[in-house]
Amino acid sequence: MTDKFTVYLVDDDPGVLKALSRLLRAKGYDVKPYSSPQVFLEEHDEAIPGCAVLDVSMPDLDGLEIQDVLTTASGSHRPIVFVTGKGDIPTSVRAMKAGAIDFLTKPVKDQDLFEALSRAEAMDAELRRLRSELDVMRAKVRTLTPREREVLTHVVAGRLNKQIAGELGTVEKTIKVHRSRMMEKLGVRTVADLVRMAEKLKLSK
């Protein structure tokens, strides 16, 4: 696996693929060109940082359909820049609503493409940072015992130790012990920090 930002070019026009590949490589990008959307989808690796530059109009699978496969079917967060020779407002609106970085018209201006890729690179880095942060949080939550997990849920719901003890059929002192261990395992010091973590992990009731 490489950490280098990779631009996946998908366009059925060999001339466009060649020209954009040359342009982006000269700019220092790692470029993977595909004339076939199917091959791109088969070889796509979410683990590689990067962005997809998709032609909107292709015979077998158009750019919007690729976007749908990536985001809906595969759950990918890959930033996407669209390029098209005959774009229209409804198509561009649909693409942008689905999360596209930009919608550029052919012939693509170099500066417009570079600026779109710069935004895509920033977005990709931020999404990867957030996913990594969530992975660490989930790993900490997995260390909790079932009882500590129950206490966590009650604490983020705003219940006091006495109330939690009543709900779980135990004494307040025991809840204090579970609560202390739970907070220590999760690496949080305050209830506010715990609530923020729970919200990020969608653990709140």
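As shown above, the structure is provided for reference.
Residues numbered from 1 in each chain as written. Predicted model: local features only at pLDDT ≥ 70, side-chain atom pairs only at ≥ 80, totals over all residues. Heavy atoms only, no water.

## What about the pattern of salt bridges?
At step 1: Under the criterion given, the structure shown has 12 salt bridges.
At step 2: Note that lysine 106 and aspartate 11 form a salt bridge whose closest N and O atoms lie 2.8 Å from each other. Of this pair, lysine 106 sits in the loop between β5 (102–105) and α5 (110–141) while aspartate 11 sits in the loop between β1 (6–10) and α1 (14–26), and the two are 95 residues apart along the sequence.
At step 3: Given a relative accessible area of 3%, aspartate 11 falls into the buried group.
At step 4: Note that lysine 185 is salt-bridged to glutamate 148, the shortest N-O span being 2.9 Å. Of this pair, lysine 185 sits in helix α8 (residues 172–186) while glutamate 148 sits in helix α6 (residues 146–156), and the two are 37 residues apart along the sequence.
At step 5: Through salt bridges that share partners, Glu126, Arg129, Glu133 and Lys200 make up one connected network. (Salt bridge = Lys/Arg side-chain N within 4 Å of Asp/Glu carboxyl O. Helix = DSSP H or I, 4+ residues; strand = E, 2+ residues; numbered from the N terminus. Buried < 20%, exposed > 50% of the residue type's maximum accessible area, 1.4 Å probe, protein only.)

## Re the packing of aromatic side chains
Geometry of an aromatic ring pair is reported as the spacing of the ring centres plus the angle between the planes.
At step 1: Under the counting rule described, the total for this entry stands at 4 aromatic pairs.
At step 2: When the ring of phenylalanine 5 is compared with that of tyrosine 29, the centres are 6.1 Å apart and the planes differ by 55 degrees; the resulting orientation is tilted. You can see phenylalanine 5 sitting in the segment before β1 and its partner tyrosine 29 sitting in the loop between α1 and β2 (30–34), a full 24 residues away along the chain. Across the pair, tyrosine 29 and phenylalanine 5 agree in class, each one buried.
At step 3: One Lys or Arg, lysine 27, reaches over the ring of phenylalanine 114 and ends 4.6 Å from the middle of that ring. (Phe/Tyr/Trp six-rings, centres within 6.5 Å; stacked < 30°, edge-to-face > 60°. Lys NZ or Arg CZ within 6 Å of the ring centre and 35° of its normal.)

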